[in-house]
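# Examination of the molecular architecture
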Amino acid sequence: MSELAVGEAKAEVKQASKEVKESENVAEKYSAMTVSKNSEMNMGDLTTVLSAVPTHKPVKKQIQFVEDKQEFSRFPTKTGRRSLSRSISQSSTDSYSSAASYTDSSDDETSPRDKTQVNVKGSSDFCVKNIKQAEFGRREIEIAEQDMAALISLRKRAQSEKPLAGAKIVGCTHITAQTAVLIETLVALGAQCRWTACNIYSTQNEVAAALAESGVAVFAWKGESEDDFWWCIDRCVNTEGWQPNMILDDGGDLTHWMYKKYPNVFKKIRGIVEESVTGVHRLYQLSKAGKLCVPAMNVNDSVTKQKFDNLYCCRESILDGLKRTTDVMFGGKQVVVCGYGEVGKGCCAALKALGAIVYVTEIDPICALQGCMDGFRVVKLNEIIRHADVIITCTGNKNVVTRDQLDRMKNGSIVCNMGHSNTEIDVTSLRTPELTWERVRPQVDHVIWPDGKRVILLAEGRLLNLSCSTVPTFVLSITATTQALALIELYNAPEGRYKQDVYLLPKKMDEYVASLHLATFDAHLTELSDDQAKYLGLNKNGPFKPNYYRY
C-alpha cells in the first residue's frame, strides 16, 4: 500500500473516531454501529428508538436517511407520541395489541358526544369512542370468559329460568372485558341493561364498542372529562320509555345522582347493589339519616369481595400499574402505604416481596397491630414524607396526602391512589399557577415546583390499577358472580324480606360463590359426617361459619 493511501486511511479512521466520540448517547452509538451498512433504513423505523432520548450531531458517514434534511424534534409528532407511549406502556392507552385496531380513526380527538354512530341493529342509543372497535372488544371479552368459568357456569345454569326477567338494571362500574362478561350474563338472565363508567380513565374503548354493538346501551369512553362523566350517567338514567328498577353501582355516584336529580325514579328502585368502600359509606350515611328509601346490598364487605378482590387482586395489580407507568425498580425503595385494610395488605405484601422498605400509616389500632405483626413499620406520614420514594393511598378517605405534604416530598417521588375515590390525594391544590404540569405519557404527569422539584402523579389521583393497567380476570369473576347473585336475590326477594336499609350478602351465598370457583383448581371439599355436623351444630351443606366470623 502506498504512503498516500496509508495516510488517507489513517485520516479517515481519525475522522470517524472523532465523529463517534461526538455522539455521547449510547443508543446513538449503537445505531451508528448497526445501521451503517443499511443506509436505506426508513426514518420512521428509528423514531421509536431515538425519539425517546436526546439526539446529538449525527455521524455523517455512518447513518444516511432517505430524507436528508429531516430532523428529530425535541417532542415527537402526534403519531410519534402514540408510537412512543405504546412502546413504553402497552396498556396506557388501550388494552388490545392488534396493530390494525390502533391505526383506525379511534385516535381522532373528536368527542364521542359530537359523533353520530349506529350499531349493526340500527340503534344509536349509546355513546362510545368508536363503534368500529367492536371486533377487537369482542376478542377481549372472549379471553376474559375463559378465566371466568364460574360466572359462565352461573349463566348456563340460570339462563333457562330467566331470574332477572323484567329487571331494568342501570349500572355504573369500570367498563372492562371482565365487567362486560357480567353485563352479558345479566342480559342472558333476562335483564335489560344501560351502563356507564365509574372512572374516567378505566374504560376499555374496544370493550365498550363491543357491548354497544351487541345492543347494550353504553355511555363511556376512556379519558372523559368531569362534564362527560355526569352526562353519561344522566343519559343512562334519563331516557324516554325506559325506567330502571335496579342499580349496580361502584362508588355511589350513580346512586347519588338518581337520589338528587330523579327522586321519584329513585323511590321506585327495588334494590341497590354496591361494591366499593366509598359507595357503601354513602349508603350507610343515607340509611342513618333515614333517607334511604330502597333496600341495598353491601357487596364490598362480603367475604368473597373483601378477601379476594380487595386483597389478592391488589396484590398483583399494584405492581402492574406502577411498572407500566414508571418502570420503577422497587428493591431498596422506601414506600409508604396509607391504610392497612385488605387493599393495603395486598399492596404491602407485593412491595415487600420485591425488596421495598415498606411503611404503613393507619388510624385503626387493630389494623396497625396487624401491620406490625406482618413486619411493617407503622408511622405517621409526616415522619417519613421527606424520605419516601413512593406513596400509595388506599383508605377510602379524603385529603390523606395534603398539599403541605406534597410540598415536602423529595424530587422524583411517586404518588398514586389505590382507593376507589379520587379524593385521597389533594390534587386540586396542585392546580395552581406556581406549579407546572407536564404530561409524560397517558395517566402520568410531572408536577413541577418553582425550584425544579418534580413529583410524579399517576392517573391524576384516581384508581391506579384500572386506570393505568389491568386487573386479574379470575378475581373479578368472584366479584362479578357475587354481584349477579346479589341482584337476583334483591330482585326476587318476597316483599318484606328486605327493608329500607343496607344488608350484607347472606353467608350461604358467599359460600356458593366460592364453591363455584373451586373447580378451576380441581379442589375437592371434605364433607362432614352426620355425627360431625351434629357435634358442631351445623347443616352439612352450610353455612359453615356464623355471620360474626372473621376470615
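Since the structure is predicted, the reported quantities are computational estimates derived from the model, not experimental observations. (Residues numbered from 1 in each chain as written. Predicted model: local features only at pLDDT ≥ 70, side-chain atom pairs only at ≥ 80, totals over all residues. Heavy atoms only, no water.)

## Details of the overall build of the protein
Looking only at helices and strands, the protein has 22 helices and 15 strands in total. Looking at the protein as a whole, 51% of its 551 residues are labelled buried. Taken as a whole, the protein presents about 27,200 Å² of accessible surface, with 52% of it coming from carbon and sulfur. (Helix = DSSP H or I, 4+ residues; strand = E, 2+ residues; numbered from the N terminus. Buried < 20%, exposed > 50% of the residue type's maximum accessible area, 1.4 Å probe, protein only. Areas by Shrake-Rupley, 256 points an atom, 1.4 Å probe, with all protein chains shown as cover.)

## So, the sheet that holds strand S5 (residues 271-274)
Hydrogen bonding along the main chain pairs the strands of a sheet, whether they run parallel or antiparallel. Strand order across the open sheet formed by seven strands is S3-S2-S1-S4-S5-S6-S15, with parallel pairing between neighbours. The sheet terminates laterally at strand S3 (217-219) and strand S15 (502-504), the two strands that pair on one side only. Averaged over all neighbouring strand pairs, the angle between strand axes comes to 20 degrees, with direction disregarded. Of the strands in this sheet, strand S1 (168-173), strand S2 (192-197) and strand S4 (246-249) touch helix H8 (residues 177-188), which is tilted by about 160 degrees from S2. (Pairing = 2+ DSSP bridges. Axes fitted to C-alpha atoms, helices over the stretch in contact; angles between N-to-C directions. Contact = heavy atoms within 4.5 Å.)

## Section: the pattern of salt bridges
In the structure shown here, the tally under the stated rule is 22 salt bridges. Asp 320 is the partner of Arg 324 in a salt bridge, and the nearest nitrogen-oxygen pair spans 2.6 Å. With Arg 324 and Asp 320 both in helix H14 (residues 303-326) and four residues apart, this pair spans about one turn of that helix. The exposure class of Arg 324 is partly exposed, given its relative accessible area of 21%. Its relative accessible area of 22% is what places Asp 320 among the partly exposed residues. A salt bridge links Glu 438 to Arg 454, with the nearest nitrogen and oxygen atoms 2.8 Å apart. In this pair, Glu 438 sits in strand S12 (residues 436-441) while Arg 454 sits in strand S14 (residues 454-458), placing the two residues 16 residues apart along the sequence. What makes Glu 438 partly exposed here is its relative accessible area of 32%. A network of salt bridges, in which partner residues are shared, links Arg 431, Arg 439, Asp 445 and Glu 460. (Salt bridge = Lys/Arg side-chain N within 4 Å of Asp/Glu carboxyl O.)

## Brief notes about the pairing of S14
Two faces belong to every sheet, and in a regular strand the side chains alternate between them. Burial of S14 is extensive: four of the five residues sit out of reach of the surface. With two bridges joining them, strand S11 (residues 414-417) and S14 adopt parallel strand pairing. Considered in S14, the bridge of Ile 414 is made with Ile 456. In terms of strand pairing, strand S13 (residues 444-448) meets S14 through five bridges, oriented antiparallel. Pairing of Val 444 across the sheet is with Leu 458, part of S14.

## A word on the confidence of the model for the protein
Here the protein shows a mean pLDDT of 84. Residues at 70 or above account for 80%. Within the model, the stretch residues 16-106 combines pLDDT values under 50 with 101 contacts to residues more than four positions away or in other chains. (pLDDT = per-residue confidence, 0-100.)

## Comments concerning the sheet that holds S14
One open sheet holds the eight strands; their spatial order is S9-S8-S7-S10-S11-S14-S13-S12, and the pairing between them is mixed. Of all the strands in the sheet, the pair left with one neighbour each is strand S9 (377-378) and S12. The strands touched by H14 are strand S10 (390-393), S11, S12, S13 and S14; relative to S14, the strand with the most contacts, the crossing angle is about 130 degrees.

## What to know about unusual backbone geometry
For residues that are not glycine, phi is negative in most cases, and the peptide bond is trans in most cases. Looking along the chain, the bond that leaves Gly 542 and enters Pro 543 is cis, with omega of 0 degrees. Following the sequence through the fold, Pro 543 ends up in the segment after helix H22 (530-536). Even without being a glycine, Lys 162 presents a positive backbone phi close to 50 degrees. On the secondary structure map, Lys 162 appears in the loop between helix H7 (149-158) and S1. A positive phi angle is found at Ala 459, which is not glycine, with a value near 55 degrees. Take Ala 459: it is sitting in the loop between S14 and helix H19 (464-468).

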